[in-house]
Amino acid sequence: MTDLIKPLNLRTRMLAVGLLLALLAVGMGIRLAAARETGAPTEAISPLHPTFALLDPEGINVLESAGPVSTMQTCGQCHDTLFIVEHSYHADLGLSDILTGTQVEGQAWDSSTGRYGQWDPLTYRYLSGSGDERFDLGTPEWVMLFGARHVGGGPATTSRIGVPLVDLFVQASNPDSAVLDPETGLPVAWDWEASGVIEMNCFLCHMAAPDNAARTAEIEAGNFAWANTATLNGMGLLNQDGVGVYAWNPAAFDGEGELLQEYVAIQDPTNANCAQCHGVVHTDANVLILPVCGDLSYPQTATTGQVIGPGRILNSGVNLSNKEELAFAWDIHAERQVQCTDCHYSLNNPVFYQASAVNRPAHLLFDPRRLEIGEYLERPDHNFARGQSAQFNVAPDLKGTMRRCDSCHEAVDTHAGWLPYAARHMATVACETCHIPQLYAPAIRSYDWTVLTADDQPLTSCRGVEGAGDPVTDLVTGFQPVLLQRTNVDGDTLLAPYNLITAWFWVYEDAHGNTRPVRIVDLEAAWRPDGAYPSEVLVAFDANGDGRLSEAELVIDTPEKEALIAGRLEAIGLRDPRIVGEVYPYSINHNVVGGEQALDDCETCHSADSRLAQPIILAGYAPGGVAPEFVADTNVPLAGEVYADDDGALYYQPDPQAESRYIFGHSNVAWVDRVGGLLFVGVLIAVGGHSGLRAWNAMRMKDAVKARFKRTYMYQAYERIWHWLQTVVIVLLLFTGLVIHRPELFGIFSFAGMVVMHNVLAVLLAINAFLSLFYHLASGEIKQFIPRPRGFFDNAIVQAKYYLGGIFRRAPHPFEKTPERRMNPLQQMTYLVILNVLLPLQGLTGILMWGVQKWPQYARFLGGLPGLAPFHTLIAWTFAAFIVAHVYLTTTGGPQPLDSIKAMVTGWEEIEVHEVPEEEKKPVRKPKTEEKK
Amino acid sequence: MKKIKSFWILGAVGILLIVLVPVISFWPRPTAVSGDPWANVPQHPVHTSHADIVQGPFETPQDVTRACLECHPEAASDVMMTTHWTWESQPFEVSWRDEPVTIGKINQINNFCISAQGNQHQCMTCHIGYAWSDETPYDFTEQANVDCLVCHADMGIYAKGTYGNPAEGVDLLAAAQSVRAPTRENCGSCHFNGGGGNNVKHGDLAESLYFPDQEVDVHMGGNDFLCTDCHVTQNHEILGRLVVDNVTIDPSEQVACATCHTGTVHTDERLTAHVQSVACQTCHIPTIALDEPTKTYWDWSTAGLDRPEEHFTYLRIKGTFIYEQNLMPTYLWFNGNLDYRYLLGDLIDFDGPTFINVPSGNIHDPTALIFPFKVHVANQPYDTQYGYLLAPITSGPNGYWTNFDWDNAFRLSEPITGLAYSGHYDFTETWMFWPSTHMVQPADRALQCDDCHGENGRLDWIALGYPGDPIEWGGRFQRP
């Protein structure tokens, strides 16, 4: 009977909650509509969540047992806590990778993709596996060190063989039940039965004011059993009898041992809840002050400079350069009340869940069959939607589950008004690139674990801040993120902003041939045995001989210093110690700014000093001269180059071309411009020489017999209009193309305007060309362009000889120009090439380049923009050269240099009178001629 | 030849058109905000110096006025049409009185110095006329008593004293020769000192507006506006009314932001939607009493005690005060009118505070907008037997400020106000709402989303009649 009733009860309870919610909303509306006169209503605390009893791990009311609260038992009275823990990466943190033996891509010594099992050079301690030669970090100490940012459950309750931690033998040989004794460097056994474990802590994220500090204090003290209870500190539920000793306050409970309603402060997680572990999230009315740079209690802010704040930056308490001008919010989504959980929602939350287009049948836009609220509340998935770049390794199964910018924003349409190729930009540039142009908080730049400071810390540096590490007086300058090409889970690539953190550290080979990072205890033994630098280290490093090692001195910058430390590491038993340097990309996806602050100046990217190719400093020096390498398991391949400047500072220089990107205005293929330029200049020189010779000869031969000219109607009106329209369009196309190619040389022209103009002109050119083709075909004038095969080459040679010789002697043109036969063989040849080869090629490449926004696959087939664009440029150079020659040759036509050009304006041309061969006397069109007077 | 020439020019123009028309029509252009607000800002008239025009000598201030009227014959009769002169509205009906009533400084009370009636000695310092004495009824038809100088003279030369007459020692000729269009100093000499001192009454009108910097007011500081640039004046009738001395105001008599800021002024669609329910002032006046504090509480009941005096906390003649600076406004629905204005003789509310005025509007009133108010709370004397507020005589030789005798002050006012005094008095809390419309901030300093929406929002949605934060529950014109 009870078996039947229990699930029903649960279901009914959930339905009741839903009903209550609806009733309450209506009730509140009615009551408060009339409440204006009566003043502000009293604040209701969790009006929906029913009261409940707090149970200990045995399921006994804590008032009775006086034990710590068990979230699994307490919340498990209604919610399926087992389901929740099993569906929570926040609890798991990579443990399941170890349990299932999943191969991970990261470092050779990593055992999972998560914080539990993946080594991080910032936190450094290495989670030792069983059988490691030199034991570093066991599970109990992992919990103590990292538990402050772990919600509990997972590795805090379960061992790496799947057995509950409390069931483990108390033995030092198992890293799950051992802690490092820093004195001896050897493991010591840990008794989980005595310390207790940390169940997944519901309170931490679901209560309005959890006491994370009290919880952390219990965790760091190894008093795991009471950690979750300590979270409730300060809510009136507990009386604290001295540090770490908690007793339940009976006054907070009713006669049946359930919490009184006013203590039930359960809520949806707010930004403040998330902030406890993730980074600076400004949620209260106080002035925002940033923590000191690199404070790993705020990892998101420390590693990327991201600050989730709704307030204007200028109203913050940060000592920020140019602050007065920053009259916008740290994060526009925070300002507009988008909560963390609105994007990072529970994956089965029926409010947010929407099957992706890939997974739902094509005929369905929305599937209304979804979880009821009650079902969801019973078994809410605690895996949360995530993007695909930030914290790249963690929760790989969940990558890309989150809706991205373009899932909520109509990106293409809202940019189309001013941004040419809006769709192309959206397809290749992540929204963040323009909408997170700058970070206004400092971020970690480098970690150097090859040395140890007097505090047994690595040497660290930050970017975006100037000063000595004082959060109040240091000048925060912020920094511009580096743009890297990210590969999405669907294989698409996008440019997106990143911070790069470079770390150097020592590794060694252990007895089993495994490479491991050198333990901190071993570093201390090498660098600072007995808490001080030994004399040989001081001799080698203390350049100014003051007996202390300053940060500037504490650098391994010579092979001797490196050998000294390596030798000291070998002396304590480490094989083959060597320095490794790695660059870690940290994706930047928050701190979004609105359109007014976003990058919208085309030249930011489309210019010689494009932001896409801006180098970013990695570190002030390279310890041991080791050039750092990009870590492998990320979605940003290293395509650029790491280089050192004259002072030894290391930079990363992105290389868009190496990433197969062609950025108009920035990218250019040097040989194309060189060859094109040579062609153009060559023609100019030839024209100059030729005209000079002509002029010189003309002066010499003043008295030469002048040819007889007659005035002929050479060009029909349409031909002239067609020609001049094409002239204007081609010249403008060349000019706009040049501006697009090298915008930095033409600062006054709007890049976007030039791009649009270029496209519009291209369409005009095409229309004009087709109309003219139609005209020439319909009227038969096309024949003008078609060379006669008979004697063509001979005639061409005759014409060439004329240009090379006869013209200087004032010899008559070898071929008479008539309306029905206007072109000489050379002209016919030239136009044949231009009209049949160059123009179509230029049009085709142009159309394909334009088409990358609609059908990039065709362009890709021909090498994409990096292949098409330089080709287009080369042909443009050819056209430019042609125009010079073409215009020059018009001066050779008539008695006066400008006669031919005038003819193309008026239609009437002065042409030399030749004896007309008999067989060509049949005119197609009766020529209108006047004898020249 | 000529024909040919014109033909090719035609061709050239045609070619240019073929190229230019499509290029221009496709040229990328960002979305622009409509309307140029400067188009409606009045041009200042060219100043005509009166130094050589005005000839003395002047024995009395009335002589000055007569001289003015020689060239500006309509001026006095125009001024006499305005409440600057009458201190009283035209009669109108209200629901809680049988007879038509009038409202004005001269016959009603406010929440500060209580009543001007019988206190002409002090209060007339800010009347636009001369010689409004205690004894005889004022002659509202005497043109020579119009004080041209208070609005037109250089306030470095001219000042008013008791009964509205010029202060002792004013050089009337110099003052008369200095006349020009009114400046901030002319308006400010009274309006910045309402309630008896700098910024005491309004909270948004302070002496900091004489030479404001950009952060105090975007119009007067950032763009160097004068009062009269918005309060446009025709025939001495000045646009803009204060609701506390009226019950209903025709919108055409009011200054509106939208007069200059026409069309769609926000680029963000959601901000544009706000305009249906939120007054411009609400976002663009985030705080009241910038720079200088304003009085938010005045307790008359503690007056007359022998306590140490301090301007901002206690004065023997006035009682206890609270001044506040950078004050967050109180937000109410407001359609520009009042639901109620306390009229002399009205019963007080014995269960709670008595409202001197109640702004009209609620969430169901489509003409009402959420509007920022300064709330001034006072503790004022009332007659415990008759149940109405009392209007004591404070100034003058027998007033409360001289001999600190409340009983006498109420008895003195009996014949003046016509309000019987039973001989028993006490003090009761009174509230007055002052709409805030000055000290406007530009977009960069206006409220932003999170100021109202979300956890720390400043609006009480439930009290305003919303089911909850409209960012989640939908606005009154949109359902979620």
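Every value quoted in this text rests on a predicted model; they were computed, and no experiment measured them.

### Concerning the overall build of chain B
Then step 1. Looking only at helices and strands, chain B features 18 helices and 11 strands.
Then step 2. Principal-axis analysis of the C-alpha atoms places the extent of chain B at approximately 105 × 65 × 45 Å.
Then step 3. Residue burial in chain B is summarised as follows: out of 480 residues, 36% are buried.
Then step 4. Restricting to contacts in chain B with at least 6 residues of sequence separation, those with at least 24 account for 66%.

### Re the overall build of chain A
Then step 1. From N to C terminus, chain A includes 31 helices and 19 strands.
Then step 2. On C-alpha atoms alone, chain A measures out to a radius of gyration of 39 Å, which is more than a quarter above the 30 Å that the 2.2 N^0.38 rule sets for 933 residues.
Then step 3. Summarising its shape, the C-alpha atoms of chain A cover approximately 125 × 80 × 50 Å along the three principal directions.
Then step 4. The 933 residues of chain A split such that 38% are buried.
Then step 5. Here the contacts in chain A between residues at least 6 apart in sequence split such that 65% fall between residues at least 24 apart.

### Quick notes on the environment of Phe392(A)
Residue and element names in this part refer to chain A.
Then step 1. The residue Phe392 is located in the loop between helix H16 (373-378) and helix H17 (405-408) in this model.
Then step 2. Residues Phe392 and Pro585, 193 residues apart in the sequence, show an inter-C-alpha distance of 9.0 Å.
Then step 3. The contacts of Phe392, once residues within four sequence positions are left out, are Ser587, Thr634 and Asn635.

### Here we look at the environment of Ser346(A)
All names here are of chain A.
Then step 1. Here Ser346 shows up in the loop between helix H15 (340-343) and H16.
Then step 2. Here the alpha-carbon distance between Ser346 and Asp254, two residues 92 residues apart in the chain, equals 33 Å.
Then step 3. Apart from residues lying up to four places away in sequence, Ser346 is in contact with Pro380, Asp381, His382 and Phe384.

### Let's talk about the interface of chain A and chain B
Then step 1. Across the contact, 38 residues belong to chain A and 28 residues belong to chain B.
Then step 2. Elements supplying a minimum of two residues to the side of chain A that touches chain B: helix H1 (2-33), helix H25 (717-741), helix H26 (751-779) and helix H31 (899-906) of chain A.
Then step 3. Per element, the largest residue contribution to the side of chain A that touches chain B is seven residues, and it comes from H25(A).
Then step 4. Partitioning the side of chain A that touches chain B into residue classes produces 25 nonpolar, seven polar and six charged.

### Quick notes on the sheet that holds strand E15 (residues 641-644) of chain A
All names here are of chain A.
Then step 1. With respect to topology, three strands assemble into an open sheet ordered E13-E16-E15, the strand pairing being antiparallel. At either margin of the open sheet sits one strand with a lone partner, and together these are strand E13 (616-619) and E15. Neighbour-to-neighbour, the strand axes of the sheet open up by a mean angle of 35 degrees, direction not taken into account.

### Re unusual backbone geometry
Then step 1. The peptide bond linking Gly56(B) to Pro57(B) adopts the cis configuration, its omega dihedral lying at -10 degrees.
Then step 2. Among the structural elements, Pro57(B) can be located in the loop between helix H1 (2-26) and helix H2 (61-71).
Then step 3. Phi at Asp576(A) is positive, roughly 50 degrees, even though this residue is not glycine.
Then step 4. Here Asp576(A) lies in strand E12 (residues 575-587).
Then step 5. A positive phi is found at Ile114(B), a non-glycine position, where the angle reads about 75 degrees.
Then step 6. Within the secondary structure, Ile114(B) is located in the loop between helix H4 (83-86) and helix H5 (120-123).

### Notes on the domain arrangement of chain A
Then step 1. Domain boundaries assigned for chain A yield domain 1 (2-38), domain 2 (62-263), domain 3 (715-779) and domain 4 (790-914 + 923-933).
Then step 2. Put simply, the middle of domain 2 of chain A and the middle of domain 3 of chain A, counted by C-alpha atoms, are 71 Å apart.

### Re the packing of H25(A) against H26(A)
Residue and element names in this part refer to chain A.
Then step 1. For the pair H25 and H26, interaxial distance at closest approach is 9 Å and the crossing angle is 155 degrees. With respect to H26, the axis of H25 lies roughly antiparallel. As H25 runs across H26, the sense of the crossing is left-handed. The segment H25 lies against H26, with Tyr718, Trp722, Leu725, Gln726, Val729, Ile730, Leu732, Leu733, Thr736, Gly737, Val739 and Ile740 engaging Met754, Val755, Met757, His758, Leu761, Ala762, Leu764, Leu765, Asn768, Ser772 and Tyr775.
Then step 2. Here the contact of H25 with H26 is composed, by residue class, of 17 nonpolar, six polar and no charged.

### Focus: the packing of helix H24 (residues 670-700) of chain A against helix H30 (residues 864-890) of chain A
All names here are of chain A.
Then step 1. With their axes 8 Å apart at the nearest point, H24 and H30 run at an angle of 5 degrees to one another. Accordingly, the angle class assigned to the pair H24 and H30 is roughly parallel. Contacts from Val672, Val675, Gly676, Gly677, Leu679, Phe680, Val683, Leu684, Val687 and Ser691 of H24 reach H30 at Pro870, Thr873, Leu874, Trp877, Thr878, Ala880, Ala881, Val884, Ala885 and Tyr888.
Then step 2. Of the residues in the contact of H24 with H30, the class split is 15 nonpolar, five polar and no charged.

### A closer look at the confidence of the model for chain A
Then step 1. When pLDDT is averaged across chain A, the result is 87; 92% of the residues are at 70 or more.
Then step 2. Across residues 917-927 of chain A the pLDDT falls below 50, and counting only partners more than four positions away or on other chains, this stretch makes nine contacts in the model.

### Overview of the nonpolar core
Then step 1. With 178 residues, the main nonpolar core has Phe224(A), Tyr440(A), Tyr498(A), Leu500(A), Leu569(A), Leu618(A) and Val729(A) as its most contacted residues.
Then step 2. With 11 residues, strand E10 (residues 493-509) of chain A is the single largest residue contributor to this core.
Then step 3. If near-sequence neighbours (up to four positions away) are discounted, Val729(A) is found in contact with Leu761(A), Leu764(A), Leu765(A), Asn768(A) and Val19(B).
Then step 4. Of all hydrophobic cores here, the second largest spans 24 residues; its members include Ile109(B), Ile393(B), Leu412(B) and Tyr421(B).

### A look at helix H7 (residues 139-146) of chain A
Residues and elements named next belong to chain A.
Then step 1. Among the eight residues of H7, seven are classified as buried, and the element is accordingly described as predominantly covered.
Then step 2. Turning to H7, its buried residues are Thr139, Pro140, Glu141, Trp142, Val143, Met144 and Phe146.
Then step 3. Where H7 is buried, its residues touch strand E1 (178-181), helix H8 (192-195) and helix H10 (212-220).

### Points about the pairing of strand E11 (residues 425-435) of chain B
Look at any regular strand and the pattern is simple: side chains alternate between the two faces of the sheet.
Residues and elements named next belong to chain B.
Then step 1. Taken across its 11 residues, E11 has eight buried, putting it largely inside the fold.
Then step 2. Inspection of the sheet shows strand E8 (residues 354-355) paired to E11 by two bridges, in the parallel sense. Opposite Phe355, over in E11, you have Trp431 as the bridge partner.
Then step 3. With 11 bridges connecting them, strand E10 (residues 369-383) and E11 associate as antiparallel partners. If you follow Phe373 over to E11, its bridge partner there is Pro435.

### Focus: the environment of Val763(A)
Then step 1. Among the structural elements, Val763(A) can be located in helix H26.
Then step 2. When the C-alpha positions of Val763(A) and Gly864(A) are compared, they lie 22 Å apart, and in sequence the two are 101 residues distant.

What counts and how
- Residues numbered from 1 in each chain as written.
- Chains lettered and ligands numbered in written order.
- Predicted model: local features only at pLDDT ≥ 70, side-chain atom pairs only at ≥ 80, totals over all residues.
- Helix = DSSP H or I, 4+ residues; strand = E, 2+ residues; numbered from the N terminus.
- Buried ≥ 20, exposed ≤ 12 C-beta atoms within 10 Å, placed from the backbone.
- Contact = placed C-beta atoms within 7 Å.
- Rg over C-alpha atoms; globule rule 2.2 N^0.38 Å.
- Nonpolar A, V, L, I, M, F, W, Y, C, P; charged D, E, K, R; others polar.
- Pairing = 2+ DSSP bridges.
- Axes fitted to C-alpha atoms, helices over the stretch in contact; angles between N-to-C directions.
- Domains from an automatic or database assignment.
- Parallel < 35°, antiparallel > 145°, perpendicular 65-115°, else oblique.
- Left-handed = near helix turned anticlockwise from the far one by under 90°.
- pLDDT = per-residue confidence, 0-100.
- Core = buried A, V, L, I, M, F, W, Y, C linked by C-beta atoms within 7 Å.

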